[in-house]
Amino acid sequence: MTPLEFAQNIYKWSNDKNMFTNSTATAQWYKCVSELGELADAIVKDDADGQVDAIGDIAVCAANVAYCCGFNAAHVAKSIDNAISEISEELGVLDRTDGVDIVYNVNIDYKMRRLMHSVRCQVIREGECEILFHNLACVSIALGHDLLTCMDHAWNEIKDRKGFFSKSGAFIKETAS
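Computed from a predicted structure; not experimentally measured. (Residues numbered from 1 in each chain as written. Predicted model: local features only at pLDDT ≥ 70, side-chain atom pairs only at ≥ 80, totals over all residues. Heavy atoms only, no water.)

Here we look at the nonpolar core
Residues Phe6, Ile10, Tyr67, Val76, Phe133 and Leu136 are the most contacted members of the largest nonpolar core, which totals 44 residues. Counting only elements with at least two residues in this core, the list comes to α1 (3-16), α3 (25-44), α4 (48-68), α5 (73-93), α7 (128-142) and α8 (147-158). By residue number, the principal contributor to this core is α4, which donates twelve residues. (Core = buried A, V, L, I, M, F, W, Y, C linked by side-chain atoms within 4.5 Å. Buried < 20%, exposed > 50% of the residue type's maximum accessible area, 1.4 Å probe, protein only. Helix = DSSP H or I, 4+ residues; strand = E, 2+ residues; numbered from the N terminus.)

Structure (structure tokens):
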């Protein structure tokens, strides 16, 4: 799946589930933070499948944050493409392990704080979406995973999921009666 296909699929899925009517960038950011917790748990447990799942889910939430802030699928796809290209270039210059550690330790904390502030204020500036995907690509590579594979996994997990976004912004899964 290409970044554009991912972005378009997530946009349509979220729209079909009433996310744009019932959710906010803040609610989607909180879901992103929740998924970060799941990623941390998968890292601690050395659960590679859980890591792939959480990274993909973070990508879905990040796309939804961008959509709630008025960005379209083309912008999200461009952000993903740019993030992957930047990381590939950085890793081409640096030793893979050292490069990821340098990128992670120096940039992610600052960029994530800046992104959290932007989302909390319901404003995401040009470039902020790319920063989130850049950071996600860094973590993905550091864990030995391909970001696009993780995104494909997430899409395959949710594409047939039934449910809706509640007025509080949370996705409510339909349960079998």
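That shown, we press on.
Some points on the side chain of Glu35
Mapped onto the elements of the fold, Glu35 is located in helix α3. By relative accessible area, which is 4% here, Glu35 ends up buried. Those residues within four positions of Glu35 in sequence are excluded, and the remaining contacts are Ala54, Asp57, Ile58 and Cys61. (Contact = heavy atoms within 4.5 Å.)

A few points about the confidence of the model for the protein
Summarising the model, the protein shows a mean pLDDT of 80, and 77% of its residues fall at 70 or more. Residue range residues 93-108 is modelled with pLDDT below 50. Its contacts to residues more than four positions away, or to other chains, number 20 contacts. (pLDDT = per-residue confidence, 0-100.)

A word on the pattern of salt bridges
In total, this model carries three salt bridges according to the counting rule given. Here Asp41 ties to Lys45 by a salt bridge, and the two come within 3.0 Å at their closest N and O atoms. Residue classification places Lys45 among the exposed positions, given a relative accessible area of 57%. (Salt bridge = Lys/Arg side-chain N within 4 Å of Asp/Glu carboxyl O.)

Regarding the environment of Ile43
Among the structural elements, Ile43 can be located in helix α3. Ile43 gets classed as partly exposed once you look at its relative accessible area, which sits at 38%. Considered as a pair, Ile43 and Leu143 are 100 residues apart in the sequence and their alpha carbons are 8.3 Å apart.

Comments concerning the side chain of His145
Mapped onto the secondary structure, His145 falls in the loop between α7 and α8. Not counting residues up to four positions away in its chain, the partners in contact with His145 are Ala48, Gln51, Val52, Ile55, Ser140 and Cys150.

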